[in-house]
There are 2 protein chains.
Amino acid sequence: MFADRTFSRTNYPADNHGHKDFKMIIFNSEYLKEYTIQVFVKMGCPLEQAKIAADCLNQADLRGVDSHGVARLCGYVRLWELKRLNATPEMKIMHETPSTAVLDGDLGLGLVTAPHAMQIAVEKAKIAGTGWVAVQNSNHYGIAGYHAMMALENDMIGISMTNASPLVSPTFSKSRFLGTNPIAVAIPALTQPPFVIDMATTTVANGKLEVLQRKGLDAPLGWTQDKDGNPTTDAYSLKKGGSMLPLGGDREHGGHKGYCLGAMVDIFSAVLSGANYGPWVPPFVSFLDPPKNQVGKGIGHFLGAIRIDAFRSAEDFKKDMDNWIETFRNAEPSAGQERVLIPGDPERELTIERQKNGIPLHEQVVADLKDLATRFGLNFNENPENKN
Amino acid sequence: MFADRTFSRTNYPADNHGHKDFKMIIFNSEYLKEYTIQVFVKMGCPLEQAKIAADCLNQADLRGVDSHGVARLCGYVRLWELKRLNATPEMKIMHETPSTAVLDGDLGLGLVTAPHAMQIAVEKAKIAGTGWVAVQNSNHYGIAGYHAMMALENDMIGISMTNASPLVSPTFSKSRFLGTNPIAVAIPALTQPPFVIDMATTTVANGKLEVLQRKGLDAPLGWTQDKDGNPTTDAYSLKKGGSMLPLGGDREHGGHKGYCLGAMVDIFSAVLSGANYGPWVPPFVSFLDPPKNQVGKGIGHFLGAIRIDAFRSAEDFKKDMDNWIETFRNAEPSAGQERVLIPGDPERELTIERQKNGIPLHEQVVADLKDLATRFGLNFNENPENKN
């Protein structure tokens, strides 16, 4: 929620810091999605899986999580080239009960394994009331919220979490042992739009640091620490061996609670599924090798579906959700604020805007997409004016 | 986790601010528990329920959450006197599926309804893999962690959350619409002690403000805001119409994520169960009337049990948890820190210490416990030296 309506959430490109001037080029959302499908198909993905994976990246771009959209496409291709990602996974349920399953993702795209796992969770919830699927042997799964929102159309609450490359330190530590480990929760309403949480368990996403770097600004205290674990306002601290701080920041501001949440996501996603946890989580970036002596398989996700009418009438629940949402939206704004937001509001509003006006891409992202066209013998129209 | 090893987490007594000197009196833990059982029995609670309720308060005292221990006993009695709490509830399952249930707590003690709900969740998990019970028509349930930890002995993960009296504002708002809405998660290990999260979804608990008041100190920014929603360091801001801030504090430091978490707890606990949510949650304190035009019944909880071997061998999981715990405990401490903690470490260590050396009670708590003895014709030994 509360996505920034700017380039600020992207962390792409990783090697472009210090450049304060760059061009943003606007693309039609559908055009980018179609192109993404073609790239995934060229990688060998079955068409249906390519469509789901492309939709997940596209939703990230529409919702303003630019770091998890088409800007990541090259990253997936590079991992595939290194055989760290399998374009034709044979996903397999390793173990199950009426309300649970463990899915082996066969090193597939998380953009494919997580929706598949969510579908299993939804089917289980139809019968058992709830469904919970832990995924091992997977890869980066895009935005957490995409998978959680899949439950909505079934009048279910969706839950989604994943572990990720270690960049975050536990409270009182300077070791990078946790990822930004996001949690997403999607809850349906009746006439109101759904309530959708999609949040990293850190104070901020990495991309915000990169925005500050480009602007030559310092970071607020509580975002990161230096390599010795001292508080810092250096926006480059992460690149100098420092680490990100869990939600809350330091101990005095409740950072130990963010550590708890990030740890919980790691355990649910990986210890419950048999994936790699903590410092052993393989990095998304292709230029870093996975840690040696793996303790599990790939990275892990945890997906859940809760059927509303397994508790009470879905109609009654959704009426109460309407009341909840209207009540909170009408809360009195603080001095200087215009309005109070409901989780999911900013992303939904940005989606409408970007569906109409297009998705702005960093010029380096555009160059990379063009390289992919050359690599795979595809057409990529760099002149997006024709496409809007 | 990370409970303070001092009086700092108590928020008792509410009317004692500005007094910087007070006496702490040490009591034997078992003696306090036995006395608590007697009081609950005098209220009319069945003995078995009185024992569970007393154990929950006692565990709070042992674990250092002094605000939720025997110091709250008078509060429960006062609510019972006002007929806002039923000592002999006829709890009833309103609706269920293989993995879910809604329990009507019949306005009973949350200290009784929540353990009952957790037991139902555990039984469902034995068959369906997981069990999830939403509770309506309940009261304050003590420490969240107590109920979550009930799952551990069954080789299950326990989850517990509750909504609470509104003292917290959504991001960008000055309305008090959420409680401190805690989340607890208990996860078993093999040779290591269990991993136990028990955290409010606010930056700090109210009791920490009261400690600062007694010391005449300011609060850090990010703990509360004033009545207009401005940042403040006034430790008395809450008493002047201000509100507590969600975990993270302001928007820049991720406070919107704490708002998301508190909102999620409210919806799971109350909208899913049919209890009161948001600003309609009835206050725990007897001197405040419940809001008019209730939208549900009582306050709500949400309890969950996840059977480990519904995912993978419990033995394998617990071995990996041992490795997880040992790895994180051996993370490199930051400059100036001695060690890295695992969620649950401080409370467990304090429990051992207090079982041996006793529980320190504020003199006003002791006076109130003595009043209860007079009220109910019980003996309360104010000379605890005899009891240790």
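Residues numbered from 1 in each chain as written. Chains lettered and ligands numbered in written order. Predicted model: local features only at pLDDT ≥ 70, side-chain atom pairs only at ≥ 80, totals over all residues. Heavy atoms only, no water.

**Section: the sheet that holds strand S4 (residues 130-138) of chain B**
Residues and elements named next belong to chain B. Spatial ordering of the open sheet is given by S2-S3-S4-S10-S5-S6-S7, a layout of seven strands whose pairing is mixed. Of all the strands in the sheet, the pair left with one neighbour each is strand S2 (92-97) and strand S7 (195-199). Each strand axis lies, on average, 10° off the axis of its neighbour in the sheet, ignoring direction. (Pairing = 2+ DSSP bridges. Helix = DSSP H or I, 4+ residues; strand = E, 2+ residues; numbered from the N terminus. Axes fitted to C-alpha atoms, helices over the stretch in contact; angles between N-to-C directions.)

**Notes on the packing of aromatic side chains**
Residues and elements named next belong to chain A. Evaluation of the coordinates by the stated rule reveals 27 aromatic pairs over all chains. Between the aromatic rings of Phe-27 and Phe-380, the centroid separation amounts to 5.5 Å while the plane-to-plane angle is 25°, which identifies the pairing as stacked. Within this pair, whereas Phe-27 is found in strand S1 (residues 24-27), its partner Phe-380 is found in the segment after helix H10 (363-376), the two being separated by 353 residues in sequence. Given a relative accessible area of 0%, Phe-27 falls into the buried group. You can call Phe-380 buried: its relative accessible area is 10%. Consider the rings of Tyr-35 and Phe-380, whose centres lie 4.6 Å apart with planes at 50°: the pair is tilted. (Phe/Tyr/Trp six-rings, centres within 6.5 Å; stacked < 30°, edge-to-face > 60°. Buried < 20%, exposed > 50% of the residue type's maximum accessible area, 1.4 Å probe, protein only.)

**Topic: empty space enclosed by the protein**
Scanning the entire structure with this criterion turns up three cavities of 30 Å³ or more. Taken as a whole, the largest cavity encloses approximately 270 Å³ of empty space. Along the wall of the largest cavity there are 18 residues; nearest its centre are A:Met161, A:Met264, B:Ile159, B:Met161 and B:Met264. Contributions of two or more residues to the lining of the largest cavity are made by strand S5 (156-162), strand S6 (183-187) and helix H7 (255-271) of chain A together with strand S5 (156-162), strand S6 (183-187) and helix H7 (255-271) of chain B. (1 Å grid on protein atoms, 1.4 Å probe; cavity = no way out; pocket = protein on both sides within 12 Å on 5 of 7 lines; lining within 4 Å. Points joined across faces, edges and corners; volume = space filled by probe spheres on them.)

**A word on the relation of the copies chain B and chain A**
Of the transformation superimposing chain B on chain A, the axial component is 0.0 Å and the angular component is 180°, with the fit at an RMSD of 0.0 Å. Such a combination of turn and shift is consistent with a two-fold rotation axis. In terms of proximity to the rotation axis, the leading residue of chain B is B:Gly248, whose C-alpha is 2.1 Å off the axis. Here 100% of the interface residues in chain B have copies in chain A that are interface residues too; the copies meet face to matching face. (Least-squares fit on C-alpha atoms with pLDDT ≥ 70 in both. Contact = heavy atoms within 4.5 Å.)

**Description of the pairing of S2(B)**
All names here are of chain B. Pairing of S2 with strand S3 (residues 100-104) involves five bridges; the strand directions are antiparallel. Bridge assignment links Thr-97 to a residue of S3, and that residue is Thr-100. From the end of S2 to the start of S3, which pair antiparallel, there are two residues.

**Some words on the domain arrangement of chain A**
A common way to state how big an interface is: give the accessible area lost once the parts meet. Residue and element names in this part refer to chain A. Domains assigned within chain A are domain 1 (1-87 + 358-388) and domain 2 (89-203 + 245-345). For domain 1 versus domain 2, the separation of C-alpha centres amounts to 23 Å. If you look at the interface, domain 1 gives 27 residues, while domain 2 gives 31 residues. Around 2500 Å² of area is buried between domain 1 and domain 2 when both sides are counted, 64% of it from carbon and sulfur atoms. (Domains from an automatic or database assignment. Buried area = accessible area lost by both parts, 1.4 Å probe.)

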